[in-house]
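Residue-level structural notes
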Amino acid sequence: MSDSKILVTGATGKLGQKVVSSLLNDFNIAPEQLIVTTRSVSKLNELCKLGVEVREADFSNPESLTKAFKGADRLLLISIDASGPRTQSHLNAITAAEKAGVSHISYTSMPAAEESPVVFAHEHEATEAAIKLSNIPNVAILRNNWYFENLPEYFASVLQTGFWLTSSGEGKIAEVSREDLAYAAAASLVKDIKGKKTFNLNGTEALTHEEMALQINTTLGTSIQVVQLSDEVYKAKLESFELPKPIVDLCVTMDKHNRLDLSAGNGQDFESLTGRKPISFKTWLNSNKSQLLKLAE
Ligand SMILES: NC(=O)c1ccc[n+]([C@@H]2O[C@H](COP(=O)([O-])OP(=O)(O)OC[C@H]3O[C@@H](n4cnc5c(N)ncnc54)[C@H](OP(=O)(O)O)[C@@H]3O)[C@@H](O)[C@H]2O)c1
C-alpha cells in the first residue's frame, strides 16, 4: 500500500492495542503512517514516543472528531463499549470520517446484527447501515464473533463455581481470539478492499456450551457442568444473584442469540481476509492455562 495515513480509534482498548501492534509488527506499517485516537492522550505516551501521532477524540463530541480524523485516509472505527449512547456516537464518527474524506473505513460489528435479539444489536445494525449509506467508497464491516476472552473477563464465575448456567441449548458458537480479530482488523486496513464488504469473522469451530466445557475440562482438569435452563429460569437465576438488570438482559438475549445459531459459522471469511487460520479454542486454552487455572482456584 502507499504511504497514506491509517487511523485507529479506541487505541487504548484491549482490541485497539493489539490492532496497533499488529499494524506495526505484522504489517510493518511505519509509526509515522499511523494516527491513533483516545479520549485521554496521556494513556498512549508509549506510542507517541515511537512516532505514532496520538490525537484526542470523543465520539460524543463531533468537533473533536472532525479535528482528530483530519488527514486520515483509512480508518478503523472500533465500536465503543458504552451501550446506550452508542448509535449516535458511531454516527458522529461516520460523519466526521466522511468530512475528512477517508477512502476506507473498517468497523467492528457483531454476528447477524440485523436478526440478533441481543440488547445492543440494533446499535451495530444502525452503524452498519449508516456506513453502507455513507459516501465512503471502501468499507469492511468486520462482524466479530464473541471473544474467547469473554470467559475470564465476563464469565469467570463459570471457572470459579464449576457451573455454567445457560439457555443456549444446542446453539453453536464459533468464538475466536481477540488477537486474531485484531490481526484481521489490521489486515482490513492494509489490504486494498474495493467496494463495501462484510466479513463474518469466526473461529475455526462452532461449539455448543457442552462442547466448550468439555474442552475446558480436558485442558484445565476442571469439572465444569453445563446447566441448561429456559430463558425464564435463567433470567430468574441471574436476578437472584442481584445482578444489575442490563447485565441480566444482556446474558439472556445473548444466549437466545446463541441458541438461534446466530454465532455459528466458519473461518472462511477470516481466512480470505488474512490468508491464515484463526487459533482454535483448545490452543487458546493451552496458551492461557495458568491465568485460567488461577481463576478456577
Ligand atoms: N466480540 C466480543 O465478544 C466483544 C466483547 C466485548 C466488547 N466488544 C466490543 O468490541 C469493542 C472493542 O473491544 P475491547 O475489548 O477493546 O473494549 P475495551 O477495552 O473496553 O475498549 C473500549 C474502547 O472504546 C473507547 N471509547 C469508549 N467510549 C468512547 C467515546 N465516547 N469516544 C471515543 N472512544 C471511546 C475507549 O477509548 P478511550 O477510553 O481511550 O477514549 C476504549 O479504547 C468494545 O468497545 C465493544 O464494542 C466485543
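Each value, and the rule that gives it
- For every chain, the first residue of the written sequence is number 1, and numbering continues from 1 along that sequence.
- In keeping with the predicted nature of the model, local features appear solely for residues at pLDDT of at least 70, side-chain atom pairs appear and are counted solely at 80 or more, and the whole-chain, interface and lining totals rest on all residues.
- Processing note: side-chain calculations cover all non-hydrogen atoms of the structure and skip hydrogens and water entirely.
- Counting from the N terminus, the helices are DSSP H or I runs at least four residues long and the strands are E runs at least two residues long.
- Here a helix's expected span is defined as the number of its residues, less one, multiplied by 1.5 Å.
- When accessible area is computed with a 1.4 Å probe and restricted to protein chains, residues below 20% of their type maximum are described as buried, those above 50% as exposed, and intermediate ones as partly exposed.
- Here a residue is considered near a molecule or strand provided that any single heavy atom belonging to it is located within 4 Å of it.
- Contacts described as polar in this section are N or O atom pairs within 3.5 Å, which, within protein, must combine one atom able to donate a hydrogen with one able to accept it, while residues neighboring in sequence count only if both atoms come from side chains.
- In this classification, Asp, Glu, Lys and Arg are treated as charged, Ala, Val, Leu, Ile, Met, Phe, Trp, Tyr, Cys and Pro as nonpolar, and every other residue, Gly included, as polar.
- Here, strands pair whenever DSSP counts at least two bridges between them.
- Between N-to-C directions, angles cover 0 to 180 degrees, with each direction set by a line fitted to C-alpha atoms, over the stretch in contact for helices.
- Pairs of residues are marked as contacts when any of their non-hydrogen atoms sit within 4.5 Å.
- UniProt positions are given in the numbering used here, feature names are shortened, and annotations may be inferred rather than shown by experiment.
- Only residues whose relative accessible area exceeds 30% and that form no salt bridge are eligible for patches; like-charged ones are grouped when within 9 Å, while nonpolar side chains (Val, Leu, Ile, Met, Phe, Trp, Tyr) are grouped when within 5 Å.
- For the area figures, the Shrake-Rupley method with a 1.4 Å probe applies, and any residue is considered shielded solely by the protein chains shown.
- We define a salt bridge as a side-chain nitrogen of Lys or Arg found within 4 Å of a carboxyl oxygen belonging to Asp or Glu.

- The name given to the protein chain in an unreviewed UniProt entry is NAD(P)H-binding protein, with Vibrio astriarenae as the source organism.

Details of helix α9 (residues 209-220)
- Compared with the 16 Å implied by 1.5 Å per residue over twelve residues, the 16 Å span of α9 between its first and last C-alpha is a close match.
- The complete set of buried residues in α9 reads H209, M212, A213, Q215, I216, N217, T219 and L220.
- Of the residues one or two after α9, G221 is the one with positive phi, at around 75°.

Remarks on the site of the ligand
- Not every one of the 22 residues close to the ligand is listed here, only the nearest: T12, L15, T38, R39 and S79.
- Separating a nitrogen atom of the ligand from a backbone N or O atom of F59 is a distance of 2.9 Å.
- Contact distances for the ligand include 3.0 Å between an oxygen atom and a side-chain N or O atom of R86.
- Split into classes, the residues belonging to the shell around the ligand amount to eight nonpolar, seven polar and seven charged.

Quick notes on the sheet that holds strand β8 (residues 196-201)
- Across the sheet, seven strands lie side by side as β3-β2-β1-β4-β5-β6-β8; this open sheet has parallel pairing. This sheet does not close on itself; its edge strands, each paired only once, are β3 (53-56) and β8. Put simply, the sheet's adjacent strands are angled 20° from each other on average, direction ignored.
- Relative to strand β5 (residues 104-109), strand β4 (residues 74-77) is paired through four bridges, and the arrangement is parallel. Across the sheet, the residue bridging to L77 is Y107, located in β5.
- Contacting β5, β6 (138-144) and β8, helix α5 (residues 121-133) crosses the sheet at an angle of about 165° to β5.

Some points on the UniProt feature "domain: NmrA-like" (unreviewed entry) in the protein chain
- In this structure's numbering, the residues bearing the UniProt feature "domain: NmrA-like" (unreviewed entry) are residues 3-281.
- For residues 3-281, the end-to-end C-alpha separation is 36 Å, with 44% helix and 15% strand making up the annotated structure.

A look at a nonpolar patch on the surface
- On the surface, F241, L243 and I247 cluster together to form a nonpolar patch covering roughly 260 Å² of accessible area.
- Within the secondary structure layout, I247 lies in helix α11 (residues 245-259).
- Residue classification places I247 among the partly exposed positions, given a relative accessible area of 37%.

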